[in-house]
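Structure at a glance
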Amino acid sequence: MMRSLYSGVAGLKTHQTRMDVIGNNIANVNTTAYKSSSMTFSELMSQTTQKASGANATTGVGGTNAKQIGLGVKAGAINTAITTQGSAQSTGNPFDIMITGDNFFVVSNGSENFFTRDGSFYVDGAGNLAMTSTGYNVMGWGVDKTTGNIKQDTVTALRIMSTANMTYPPEATTQANISGILDENDKDVTSANGKTVNLNFFDARGYSYTAKFTFKQSGEPNTNVYSMELTKLLDSTGAEIDISALDFGNRTQQKMETKVTLNTDAYMWDGKVLKTKDGTTEVANLADIFNQDGSLITPQDDAAAQKQQKALDAIAKAYGYEGSTDEFLNLYITSAADPKQQLTMQDLLGNMMAGKNTDILPADGSTITMEGRYFEGTTVVFNKDTAKLESVGGSTTNLGINAAFSQLGGNFSDITIDLSECTNYDNKGTSTIGATSGDGRRLGDMIGVSIQKDGMIYASYDNGMTKLLGQIATAAFANASGLEKEGDNLYSATLNSGEFDGIGVDITAGGGYMSTGQLEMSNVDLSSEFTEMITTQRGFQANSRIITVSDTLLEELTNLKR
C-alpha cells in the first residue's frame, strides 16, 4: 500500500520538474540564441518479490517470469537542443552577428573563457568588441604585422578601435597614368600655352600637390609629334613650388613655326631700350639683362635677379608672351650668318645688346617667324596610321617617363608616368586626355567597420583604403550538448563536451558562416511546449489521484478495528 503512495509522490515530483523545464522554455521564448530543453522520464527502481525460474525438463514444468513491482519514476535526462538553429532576427546593427552552424563565439571575463551563441556585440570605451549584456570581451585572432594576414594563435580580446586603427597612414605617389585622346584638331594643343593635364599626387606625409603637364603639337609635317613638359607644381593651397632643380626629360628641340610680333600699338624699341609707344616711359633695358658682349648677366643678389627677371617678363609681354617668359626666350631660328647654327630668342636679344646688325629682333617691330622651340621634357610620337602611341622620348618599349620629384627634397618620391594608353584619334576637336594617380594617398580617417562571413573584421577609411583588424574566433565541440549553462546566455566546457584548446577554429572550416545585422532568435517552439504542458498537467493529475486513492484504501484498512 505504501509503495503506491511513494510512486505517486515520485510521479508528482518528476512531473513538476518537467513543468519547470517547460516553464523555463516559455519564459525564454524571446531570449537571444536561447536553446530549448526537454526532459525524458525513466523508472526509478523495481522491487523483486520473486525471481524468474527456468523450465524443468525432468518434471516438465515450465519456467516463470520474475515478479517485480515498480517504485516510481525519475527524471531520466534533461537535453538541450543546442544544435538546433534558431530563426534570424534582423536588427540592422553591424555589430549584431548570427552564427549559422554548430560553432560558438568565445568570450572572456578576463580570467576564463566562456562560449555563447548570443552575437549582440558593441565596441566599449577601450575599443574592444564586447557583449552588450555582460561586457565580456569577444575573443579572436590578431594580424601578423610582418605578413598582414591573420595569425591563428591563442585567442585574445579584439581591440578593433585602437588608436593605431583609427587612421590609415599616408603614402607617397610613385605610379601615375596619363591616358585618353590627344586630338590633333584640339585648339589647345596648337596654341601657345598647349594642352594642360593636371596630375594630383601625394608626398610621404600625405600632403597633396598638383603637377601641370603641357602637350604641344609640332608643326607640319610632324603633326603626330608632341612635346610634353612639366610647367608648374602647386601645393594644396595653390602656391607654386620652384621646380628649377627638377629633371624632367631632357632639353629637347621641337619644330613648330611661330610668328612673333612686337605690339607696336603699345611699345617701341629705342636702341637697346624697350619703351612705351610715346617714347616717354622705359619698359625694359637690355643692360639690366645682358653684359656688353651679349652674354646673360649672373645676378649677384636677389634685387639684381628680380630686376633682370622683371625686364625679361616685360619684353615677353610686349611680344604676346605674358606669363610665358621661358617659352618666349626658348624660341629658336636658324642664324642668317651661319645656317648650321640655331639661335634662341635670348640669343637675338643678346645680339641686340652686343650691337650686332644681324640675327637680332627687327627694330621696327615687324613679324619674325621662329622655326621652333627648346623645352625641358620629352617627345611623344603617335603612329600616323593607327593613331596609337609609338614612342616616348625616342623609346618604343618604355612608353613612359620618370618625374624625379625626389630631387626637390623633403618627402617627395619619384613618379613613373605611364602614357601607353594615350591615342591620337579624331574626336571632333576635343581631347579627353587626363592623368590619374596609380597609388599614393593622404592620411585616412576610419569611416566604417565591416565583418565578413568568415569573421574577418575590416575597417574602411576616407582615403579609399581598407585594413584587416582581426578575425572573430569560434569554438567547436564534439558534444555541444555537454556544455554547462552559466547564465547570461553563456556556456562553459565540461568533461563531456570536450575541452577548448585556447585557439579555436575558423567558422568556415566546418561549413558555417556569420551574418551581420542579424541575431539568432530562441529556438523554443510554443506549440510543442503547450502540448507538453497539457500532457504534463494530465500526468501530474493522475499521480495525485494515486495518492488520494491509496489514502482512501489506508483509511478503510484502519477502520477494520472498529
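Our structure's up above, just so we're on the same page.
Now for a description of the structure that goes with this document.

Here is what the cut-offs are and how they apply
Residues numbered from 1 in each chain as written. Predicted model: local features only at pLDDT ≥ 70, side-chain atom pairs only at ≥ 80, totals over all residues. Heavy atoms only, no water. Helix = DSSP H or I, 4+ residues; strand = E, 2+ residues; numbered from the N terminus. Expected span 1.5 Å × (residues − 1). Buried < 20%, exposed > 50% of the residue type's maximum accessible area, 1.4 Å probe, protein only. Core = buried A, V, L, I, M, F, W, Y, C linked by side-chain atoms within 4.5 Å. Contact = heavy atoms within 4.5 Å. Axes fitted to C-alpha atoms, helices over the stretch in contact; angles between N-to-C directions. Parallel < 35°, antiparallel > 145°, perpendicular 65-115°, else oblique. Left-handed = near helix turned anticlockwise from the far one by under 90°. Nonpolar A, V, L, I, M, F, W, Y, C, P; charged D, E, K, R; others polar. Salt bridge = Lys/Arg side-chain N within 4 Å of Asp/Glu carboxyl O. Phe/Tyr/Trp six-rings, centres within 6.5 Å; stacked < 30°, edge-to-face > 60°. Lys NZ or Arg CZ within 6 Å of the ring centre and 35° of its normal.

Some points on helix H1 (residues 2-27)
Between its first and last C-alpha atoms H1 spans 37 Å; for 26 residues at 1.5 Å apiece the expected length is 38 Å, and the two agree. Among the residues of H1, Leu5, Ser7, Gly8, Ala10, Gly11, Leu12, Thr14, His15, Arg18, Val21, Ile22 and Asn25 are the ones counted as buried.

A look at the nonpolar core
Counting 32 residues, the largest nonpolar core has Ile178, Phe213, Phe215, Met228, Phe405, Ile417 and Leu419 as the members making the most contacts within it. Secondary-structure elements contributing two or more residues to this core are strand S14 (175-181), strand S15 (195-202), strand S16 (208-217), strand S17 (225-235), strand S24 (368-382), strand S25 (389-392), strand S26 (400-403) and strand S27 (415-418). Setting aside anything within four residues of it in sequence, one finds phenylalanine 405 in contact with Phe201, Ala211, Leu230, Leu233, Leu246, Phe412, Ser413, Asp414 and Ile415. Membership of the second largest hydrophobic core comes to 30 residues, among which are Phe290, Tyr319, Leu343 and Leu349.

Section: the packing of H1 against helix H6 (residues 526-558)
Angle between the axes and distance between the axes are the two parameters that describe a pair of packed helices. For the pair H1 and H6, the least separation of the axes is 8 Å and the interaxial angle reads 160 degrees. Considered as vectors, H1 and H6 are oriented roughly antiparallel to each other. Helix-helix and strand crossings are classified by hand; for H1 and H6 the assignment is left-handed. Counted by class, the contact of H1 with H6 contains 14 nonpolar, 13 polar and 4 charged residues.

Things to note about the pattern of salt bridges
For side chains bearing opposite charge, pairing can occur when the charged atoms are close. Under the criterion given, the structure shown has 10 salt bridges. Note that lysine 216 is salt-bridged to glutamate 327, the shortest N-O span being 2.8 Å. Taken together, the residues lysine 216 in strand S16 and glutamate 327 in helix H4 (residues 325-329) connect sequence positions 111 residues apart. Across this residue pair, the class does not change: lysine 216 and glutamate 327 are buried. Its salt-bridge partner being glutamate 327, residue arginine 373 comes within 3.0 Å of it at the nearest N-O pair. With arginine 373 in strand S24 and glutamate 327 in helix H4, the pair connects residues that are 46 residues apart, well separated along the chain. You can call arginine 373 buried: its relative accessible area is 0%. In this structure glutamate 327 comes out as buried when scored by relative accessible area, which is 13%.

Structural notes on the environment of lysine 151
Tracing the sequence through the fold places lysine 151 in the loop between strand S11 (137-141) and strand S12 (156-157). Expressed as a C-alpha distance, the spacing of lysine 151 and glycine 464, which sit 313 residues apart in the sequence, is 25 Å. Apart from the residues lying within four places of it in its own chain, the contact partners of lysine 151 are Trp141, Gly142 and Asp144.

Digging into H6
With 33 residues, H6 extends 48 Å from end C-alpha to end C-alpha; this agrees with the ideal 48 Å at 1.5 Å per step. For H6, the complete set of buried residues consists of Glu529, Thr536, Gly539, Asn543, Ser544 and Ser550. If you follow the buried residues of H6, they end up packed against H1.

Focus on the packing of aromatic side chains
The tally for this structure, following the rule as stated, stands at 17 aromatic pairs. On the numbers, 5.0 Å between centres and 80 degrees between planes, the contact of phenylalanine 115 with phenylalanine 477 is edge-to-face. Here phenylalanine 115 is found in strand S8 (residues 113-116), whereas its partner phenylalanine 477 is found in the loop between strand S33 (474-475) and strand S34 (484-487), with 362 residues between them in sequence. The exposure classification of phenylalanine 115 matches that of phenylalanine 477, with both residues buried. Pairing phenylalanine 115 with phenylalanine 500 gives two aromatic rings, centres 5.2 Å apart and planes at 70 degrees, and the pair type is edge-to-face. With a gap of 385 residues between them, phenylalanine 115 in strand S8 and phenylalanine 500 in the loop between strand S35 (490-492) and strand S36 (513-516) connect regions that are remote in the sequence. Pairwise contacts between aromatic rings join Phe104, Phe115, Phe477, Tyr491 and Phe500 into one cluster. Across the ring face of phenylalanine 41, the terminal group of arginine 18 is positioned such that the distance to the ring centre comes to 5.4 Å. Taking the ring centre of phenylalanine 104 as reference, the NZ or CZ of arginine 117 above it sits at 5.9 Å.

Considerations on the side chain of threonine 258
Within the secondary structure, threonine 258 sits in strand S18 (residues 250-260). Using a relative accessible area of 15% as the deciding quantity, one classes threonine 258 as buried. Residues contacting threonine 258, with those up to four places away along its chain left out, are Tyr321, Leu331, Ile368, Thr369 and Met370.

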